[in-house]
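Each chain is listed here by its residues.
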Amino acid sequence: MLSVQDLNITFTLYGRGLAQKQLTVITQLDLDVKAGEVVAVVGASGSGKSLLAHAILGILPDNAQVSGKMLFKGEPLTLNRCQDLRGKAIALIPQSIGYLDPLMHVGQQVQRTAQLSGLSRPAAKAAVDRTFARYRLAAIVQRLYPFQLSGGMARRVLVSTAVVSQAELVIADEPTPGLHPDVVTETLNHLRELASEGKGVILITHDIEAALQIADRVAVFYAGTTVEIAHAQDFSNNKIRHPYTQALWRSLPQNEFIPISGSQPTPDALPDGCLFSDRCPWVTQECRLDRPPFLQVRGAPVRCIHADR
Amino acid sequence: MLIGKQLAFRYPHHNWIVRNFDIAIAPSEVVGLFGPSGFGKTTLSKLLAGYLTPTQGQVTIDNSPLPDRGYCPVQMVFQNPELAVNPRWRIRKILAEKQPPDRFLLNALSIHPSWLDRYPHELSGGELQRVAVARVLNPATRYLIADEMTAMLDANTQALIWHMVLDYVRSHNIGLLVISHDAALIKRVCNRAINLMQVGTSR
Ligand code: SF4
């Protein structure tokens, strides 16, 4: 359904006078999502997760240069096509109710989303009623303002905005920030259900445990690149390939709670060769020569020349 | 010893958010606090850190009330560091608010020297949270409240920050209250834990 290959994004920053600075924020990023599948995108803040979403939705700032391939249902996702599809075939589940209009009843807002996706007024109204019922939101909730929603209710309203638009591809950007585990599980189950109905779902999160609850595959991002696209079961089966993926897994409190030191490089100071080379426990001279290509190791792609060791 | 005795809080003409709550944290003790949303966890931490004045009850350190001016010996680190720092100050100034930053500490938290000349919005959430942590780890802090401190961070950054904080509180005899939804994290870092579902805060 969606295929992103070798995506690169560079921002041009203008300094004083004619000085220009190029900042490469996304390097060789890859991702693919099939219908009926949940693909989690996991990484630290600043790893490029949100920028990928912005690229797919066609909402990058004007000073961004994009190269590489983005296909949606086999056709290139040009900027015009992104804008045509946004809110219709491709929908975003926003991170917080901060994205809703604070002065408008939530029912009205969700209905407006449905109308913008191309439904007639009565059809949109019916879609809202149906969707709210599906998520156990009482009719009276439609007449509430965003600030009156409880945490769990707010999550269900946000999911509703994507469901009424009848999107084929749903992008959920950090849908479970600091929520109680029960609400997290409920929100994730809603996303899983959307995939079971045939939609493609991208779950963007910093929380690897949340990702593993529902994802079929997990794409791990680091410093603007995809370091590995693992199958969800690879984590508990000890098959994950990239040393950064392994570090994320090992550092969970229920595992060893042992982190690797250092921090992700910033776009103005990317290392030569492998982007993980300045923190990698396996680094060799060869790693510093080129950006590692995607290699197939134990049945999945990984950007590490020593992953088969 | 940090003691909250019979703490109760409500805004005028509203229902009690917290009621009849007792807590005691000894120096160098790490205590977990968990329970569902709506149990007043964040209100409790604000009471203990002197951000809010209890409607009833009292917060004391070694039998003296919290100072009502100057640096509070009970400090908090929240989930969202953007709300805890002055957006118009450079990182260098934010860190120097209480005392000049200790090079060893910055190193241990992987705070890169190049960050010091930046503004908060120029750092990622994980980078800024390390700054927020470095800011409160100074000799004037005697108790620390970590309210969902690493809930927005990736697992590696989370573990990195916790190791640093735990080392620091142990070696400086600081008492630590850990508020988190993450049961595995509480189990990993705390000496004991309080379940608000059992003790209650408003009954
Ligand atoms: S390519 Fe080299 S530096 Fe990069 S992750 Fe693999 S071993 Fe580490």
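A. Just the interface of chain B and chain A, in detail. Counting residues at the interface gives 29 residues for chain B and 31 residues for chain A. Ranking the residues of chain B by area buried against chain A places B:Asn156, B:His181 and B:Arg188 at the top, with a combined share of 26%. Applying the counting rule to chain B against chain A returns 1 salt bridge. Across the pair B:Arg118 and A:Asp268 runs a salt bridge whose closest N-O atoms are separated by 3.6 Å. At the junction of chain B and chain A, the tally comes to 11 residue pairs in polar contact (both at pLDDT 80 or more). Looking at the side of chain B that touches chain A, the elements that each hand over two or more residues are α4 (125–136), α5 (155–171) and α6 (183–189) of chain B. It is α5(B) that contributes the most residues to the side of chain B that touches chain A, 7 residues altogether. Its residues placed into classes, the side of chain B that touches chain A shows 12 nonpolar, 11 polar and 6 charged.

B. Inspection of the environment of B:Thr42 at higher detail. Mapped onto the elements, B:Thr42 comes out in helix α1 (residues 41–48). Each C-alpha atom of the pair B:Thr42 and B:Phe78 lies 9.3 Å from the other, and the pair is 36 residues apart in sequence.

C. The arrangement of α1(B) in detail. Residues and elements named next belong to chain B. Of all 8 residues making up α1, 6 are buried, and the element is well covered by its neighbours. Listed as buried for α1 are Lys41, Thr43, Leu44, Ser45, Leu47 and Leu48. Gly50 sits one or two residues past α1 and shows a positive phi near 80 degrees.

D. Layout of the domain arrangement of chain A. All names here are of chain A. Domain annotation of chain A identifies domain 1 (2–89 + 167–302) and domain 2 (96–166). Distance from the C-alpha centre of domain 1 to the C-alpha centre of domain 2: 29 Å. Counting residues at the interface gives 16 residues for domain 1, matched by 13 residues for domain 2. Our enumeration of links across domain 1 and domain 2 arrives at 4 salt bridges. With a closest N to O distance of 2.8 Å, Glu186 and Arg156 form a salt bridge. At 6 residues, helix α6 (residues 181–196) tops the list of elements feeding residues into the side of domain 1 that touches domain 2.

E. Region of interest: the sheet that holds strand β2 (residues 20–33) of chain A. Residues and elements named next belong to chain A. In spatial order, the strands read β2-β1-β4-β5; together these 4 strands make up an open sheet with antiparallel pairing. The open sheet has two edge strands with one neighbour each: β2 and β5 (75–76). Pairing of strand β4 (residues 64–72) with β5 involves 2 bridges; the strand directions are antiparallel. Each residue of the ladder has a partner; that of Leu71, found in β5, is Pro76. Contacting β1 (2–14), β2 and β4, helix α1 (residues 49–57) runs over the sheet at an angle of about 100 degrees to β1.

F. Spotlight on the sheet that holds strand β6 (residues 74–77) of chain B. Residue and element names in this part refer to chain B. Spatially, β6-β7-β8-β3-β9 is the arrangement adopted by the 5 strands of the open sheet, whose pairing is parallel. With partners counted over all chains shown, the strands left at the sheet margins are β6 and β9 (192–195), one partner each. Each adjacent strand pair in this sheet contributes to an overall mean axis angle of 20 degrees, direction not counted. Sheet strands touched by α4: β6 and β7 (143–147). Its angle to β6, the strand with the most contacts, is close to 175 degrees.

Reading guide: rules and limits
Residues numbered from 1 in each chain as written. Chains lettered and ligands numbered in written order. Predicted model: local features only at pLDDT ≥ 70, side-chain atom pairs only at ≥ 80, totals over all residues. Heavy atoms only, no water. Contact = heavy atoms within 4.5 Å. Buried area = accessible area lost by both parts, 1.4 Å probe. Salt bridge = Lys/Arg side-chain N within 4 Å of Asp/Glu carboxyl O. Polar contact = N/O pair within 3.5 Å; in protein donor to acceptor, adjacent residues only side chain to side chain. Helix = DSSP H or I, 4+ residues; strand = E, 2+ residues; numbered from the N terminus. Nonpolar A, V, L, I, M, F, W, Y, C, P; charged D, E, K, R; others polar. Buried < 20%, exposed > 50% of the residue type's maximum accessible area, 1.4 Å probe, protein only. Domains from an automatic or database assignment. Pairing = 2+ DSSP bridges. Axes fitted to C-alpha atoms, helices over the stretch in contact; angles between N-to-C directions.

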